[in-house]
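# Structure assessment
Single-letter residue listing:
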Amino acid sequence: MIKANGKTFLLQGKNYSYAMHVLESGFLQHLYYGGKITETDLDYLIEIGDTNAPHIDMNMDMAFDRMLSEYGFYARGDYREATAVFERKDGASMSRLRYQSYRVEKGAPNVKGMPHVRQGDETLVITLKDDFSDIAVDLYYTVCDDSDVLVRSAVIRNTGCEAIMLKKAFSFRAQLPNGNYRMMRLAGTWGQERIPEIAPIAHGITRLQSIQGCTSHNTNCFMGILKEGCTEDSGECFGIQLIYSGSFALTAEWCKNGPLTLQGGICDTGFSWELNGGEEFVTPQALLTYSGEGIGGMSRSIHDFLRERVINPAYVYKRRPIVVNNWEATYFDFNEEKLFPIIDEAGKLGIDTFVLDDGWFGKRDSDWSGLGDWFVNEKKLKGGLKTIIDRCKKNGLKFGLWFEPEMVNEDSDLFRAHPDWAIHKDGVEPCRSRQQLVLDFTRKDVVDYIFGVVSKVLKENEISYVKWDMNRNITEVYSAQLPAHRQGEFMHRYILGVYDLAERLTSAFPNVFFEGCAGGGGRFDAGMLYYFSQIWTSDDTDGFERTKIEWGTSVCYPLSAMSCHVSVCPNHQTQRITPFETRGNVASLGAFGYELDLSKMTEEEKELTKAQIESYKRTSELILKGDLYRLMNPLEKNYFCVMVVSKDKSEAYVVGERILGIPCDYNQYLYLCGLDENALYKIEELNITASGKALQNAGLLLPKLSDFGSWAWHLKKV
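Notes on the structure follow.

About the criteria used
Residues numbered from 1 in each chain as written. Predicted model: local features only at pLDDT ≥ 70, side-chain atom pairs only at ≥ 80, totals over all residues. Heavy atoms only, no water. Helix = DSSP H or I, 4+ residues; strand = E, 2+ residues; numbered from the N terminus. Buried < 20%, exposed > 50% of the residue type's maximum accessible area, 1.4 Å probe, protein only. Contact = heavy atoms within 4.5 Å. Lys, Arg positive; Asp, Glu negative; His and termini not counted. Charge placed at Lys NZ, Arg CZ, Asp CG, Glu CD. Salt bridge = Lys/Arg side-chain N within 4 Å of Asp/Glu carboxyl O. Phe/Tyr/Trp six-rings, centres within 6.5 Å; stacked < 30°, edge-to-face > 60°. Lys NZ or Arg CZ within 6 Å of the ring centre and 35° of its normal. Pairing = 2+ DSSP bridges. Axes fitted to C-alpha atoms, helices over the stretch in contact; angles between N-to-C directions. Parallel < 35°, antiparallel > 145°, perpendicular 65-115°, else oblique. Left-handed = near helix turned anticlockwise from the far one by under 90°. Nonpolar A, V, L, I, M, F, W, Y, C, P; charged D, E, K, R; others polar. Core = buried A, V, L, I, M, F, W, Y, C linked by side-chain atoms within 4.5 Å.

### Some remarks on the overall build of the protein chain
Summing up its helical and strand segments, the protein chain has 13 helices and 38 strands in all. Referenced to the eigenvectors of the C-alpha coordinate spread, the extents of the protein chain come out at roughly 80 × 70 × 45 Å. For the protein chain, the proportion of its 718 residues judged to be buried stands at 63%. The long-range fraction of contacts in the protein chain, counting pairs at least 24 apart against all pairs at least 6 apart in sequence, stands at 69%. With 79 positive and 98 negative side-chain charges, the protein chain shows a separation of 2 Å between the mean positions of the two kinds.

Put into structure tokens, the structure is as follows:
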């Protein structure tokens, strides 16, 4: 709900309020963001807001740093980091943004060419005008009455005739009053993606960013702001998350006795954008989430919002195919004789889909060659894909295929024909990673070509599943197609090219299920989830390491978005040996599948596989739609445990793992969450019936397990 009178604005979500006020001087002042208030509180908020910006003298430079403002200007007395910087023809870039007008629109804005929120109830658009240039900034606030997520973005318009150069174009500014805050970030590296880190916010600017052309393995485009006393289960916190997949930045700026200023959007390192007269620049959307129920409450709000308003509605609640992928079974070394036994065994075990990974195309027997040549290597697969597909159909399986559309090897027909299509700068030796280069997706002809060759494969074969990979980051950051003064547009134009291809392919092949991947979890973000309903969570499939990765990923992404597979032991990434049951239990907390040679499993493992698949079919609705409660943090305890509860609280699924067999570590109790306190529940595996209140307050005694032992319990209301 939005209440606006041209002077004061009150936005009301499910449990939060967000208020702004236009000062007499014309500046748009932030008043409040937090738990729900009423309209009668606005006069009080305006009064205390005046103490922060009493009587601003626009020719003085002392007051603006104290004012809680909705969009930061540059070089006119606000010495905090600017939200946007516009450079004019004469090189001047000072700005001062003041309120001009507002409008309220029904629904959510349709952002052309970028992923965006698909639906909302109302959108407030406030227009600010710069005192020194022809720039107008439209601030967008989309409210959903049944959600605690507020959607923010900005559109920067050049209303004059002369070109203006954007040097920075963040999507939003949000401010919180002075306080003792901590920041949660999801950091890591390849094989250890999105591991939560929580630390006090220090003086100055704390910056989370990627300059890699993707959201990266190292830092996810999410920032949590925790008020003092906030825990997993209680207290107030805020989540900030971008619907964007390219180079990004999120910042938190705090000076003593001043407000906490939060900003973010497209990374401004190396960024510039020429905005000619009459043109506009649309920034990515940001999701701001409020929770009065701790980090867990924030996560559940984000999960619901992404499922209901961002992820492809055709697949978001559709049961995920249970797949087997051949990568760790064969790597590049395969032919029909090696693949057929895996396919035959998959049919017997109840698996839905066989996915053929890297190595099926061009001259592709290693990392060194073939990328870009999207035609079947018939020396390796003598009957082409049809022979593999027919074998799948014979066993009742569907067929999936791996692509890496954004990349090229120098030893490829594509590169020999079009060396200029790879990102490069003449006279500069390119950086090579995994022996490959990146195609210049700022170029429409390159994107058109890749769309054509990938489409041809999909049209000519019965393919129901595509795994879209991306195995290296961008270097050189240069396109011969862009003039010198527009090279700063490269990174954003690149990700717009990726979005264009993703939009065209998913629209042209609506019956194909697309999974995202980027060397594991290197581009796991809400932007890619707009096109791909699930993403390969990490290349690290170890039954213990995945508990930490899944724990952190679930902070701001739903379980249904995480692709999770059972792999062989010793694990290929860690060399660790964990029980087959544990690998299955941990993998069941996402889109479930296998990453091993099924034909080499023992008979006992095959029977366990059948049981795992049957169990997953029973819990798949919970994984798709349920509320997640994180119970035991493997980063802090010797145990991992989470549970998923159905929306009507009629059933739940609990999965846990004991990490190490430490002496005197038994007699541990687990306290469940999210149940109906007045209902009775039966725990099938324990043959226990107890009330929700007892299970939450008295708890359950954990089983005695050895290293990496696990449990999985199904609860049903009786």
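### A look at unusual backbone geometry
Between Cys569 and Pro570 the backbone carries a cis peptide bond, its omega angle lying at -5°. Its place among the elements puts Pro570 in the loop between strand S29 (562-567) and helix H11 (580-587). One non-glycine residue, Arg194, lies in the positive phi region at around 55°. Note on placement: Arg194 falls in the loop between strand S11 (182-187) and strand S12 (195-200). On the basis of relative accessibility, which here comes to 2%, the residue Arg194 falls in the buried class. Phi angles above zero are rare outside glycine, and Gln435 is one such case at about 60°.

### Quick notes on the pattern of salt bridges
For the coordinates displayed, the defined rule picks out 58 salt bridges. For Glu81, the salt bridge goes to Arg207, with nearest N and O atoms at 3.4 Å. Placement of Glu81 in the loop between helix H1 (42-52) and strand S5 (84-87) and of Arg207 in strand S13 (residues 204-210) is noted, with a sequence separation of 126 residues between them. One salt bridge in this structure joins Lys716 and Glu651, with 3.6 Å as the shortest N-O distance. One end of the pair, Lys716, is in strand S38 (residues 709-717); the other, Glu651, is in strand S33 (residues 651-658), and 65 residues separate them in sequence. Among the ionic contacts, a cluster of salt bridges with common partners joins Asp358, Arg364, Asp367, Glu404 and Arg434.

### Quick look at the packing of aromatic side chains
One pair of aromatic rings is described through two measures. These are the centre distance and the angle between the planes. By the definition in use, this model includes 35 aromatic pairs. With a centroid separation of 6.3 Å and an interplanar angle of 55°, the aromatic rings of Trp374 and Trp402 are classed as tilted. Of this pair, Trp374 sits in the loop between strand S22 (353-356) and helix H5 (384-394) while Trp402 is found in strand S23 (residues 398-403), placing the two residues 28 residues apart along the sequence. Each member of the pair, Trp374 as well as Trp402, carries the same accessibility label: buried. Ring geometry for Tyr465 against Phe513: centres 5.5 Å apart, planes inclined by 35°, an arrangement best described as tilted. With a gap of 48 residues between them, Tyr465 in strand S26 (residues 465-468) and Phe513 in strand S27 (residues 513-516) connect regions that are remote in the sequence. On the accessibility criterion, Phe513 (5% relative accessible area) is buried. The ring of Tyr478 is capped by Lys425, whose NZ or CZ atom sits 5.2 Å from the centre of that ring.

### Points about the sheet that holds strand S21 (residues 323-325)
The strands that make up a sheet pair up through hydrogen bonds in the backbone, lying either parallel or antiparallel. Strand order in the closed barrel made by the eight strands is S21-S22-S23-S26-S27-S28-S29-S30, with parallel pairing throughout. Strand-to-strand twist of the sheet, defined as the mean angle between neighbouring strand axes without regard to direction, takes the value 30°. Both strand S28 (residues 534-536) and S29 contribute to a ladder of two bridges, which runs parallel. Within S29, the residue paired with Trp536 across the bridge is Ser563. Along the sheet, helix H4 (residues 336-349) contacts S21 and S22; its crossing angle with S22, the most-contacted strand, is approximately 160°. Those strands touched by H11 are S29 and strand S30 (591-595), and its axis lies near 170° from that of S29.

### Let's talk about the environment of Thr83
By the secondary structure assignment, Thr83 is in the loop between H1 and S5. Using a relative accessible area of 0% as the deciding quantity, one classes Thr83 as buried. The sequence separation of Thr83 and Glu105 amounts to 22 residues, and the corresponding C-alpha distance is 24 Å.

### A look at the packing of H4 against H5
Two quantities define a packed helix pair, namely the angle between the helix axes and the distance between the axes. H5 packs onto H4 with a crossing angle of 20° between their chain directions and a minimal axis gap of 9 Å. Considering their axes alone, H4 and H5 lie roughly parallel with respect to each other. In this structure, the crossing between H4 and H5 has a hand that is right-handed. Where H4 abuts H5, its residues Glu336, Leu339, Phe340, Ile343 and Asp344 lie against Thr387, Ile388, Arg391 and Cys392. Split into classes, the residues belonging to the contact of H4 with H5 amount to five nonpolar, one polar and three charged.

### Focus: the nonpolar core
Ranked by size, the top nonpolar core spans 183 residues in total, and within it Tyr141, Ile156, Phe354, Leu356, Trp360, Phe399 and Leu598 carry the most contacts. No other element matches the nine residues that helix H8 (residues 490-508) contributes to this core. When near neighbours in sequence (up to four residues on either side) are disregarded, Phe354 contacts Val324, Asn326, Leu339, Ile342, Ile343, Ile388, Cys392, Leu397, Lys398, Phe399 and Gly400. Of all hydrophobic cores here, the second largest spans 24 residues; its members include Tyr629, Val645, Ile683 and Trp711.

### What to know about the sheet that holds strand S35 (residues 680-683)
In spatial order, the strands read S31-S32-S33-S38-S35-S36; together these six strands make up an open sheet with antiparallel pairing. Because the sheet does not close on itself, it has two edges, and the strands there are strand S31 (627-632) and strand S36 (688-691). Taken over all neighbouring pairs, the strand axes of this sheet differ in orientation by 20° on average, direction set aside. In this sheet, S33 lies alongside strand S32 (residues 639-645) in antiparallel orientation, the contact comprising seven bridges. Bridging from a neighbouring strand, Val645 pairs with Ala652 of S33. Against the sheet, H11 touches S33 and S38, its axis set at about 50° to S38. The sheet contacts of helix H12 (residues 603-625) involve S31, S32, S33 and S38, and relative to S33 the element is tilted by about 105°.

Any functional reading would require information beyond the geometric quantities listed.
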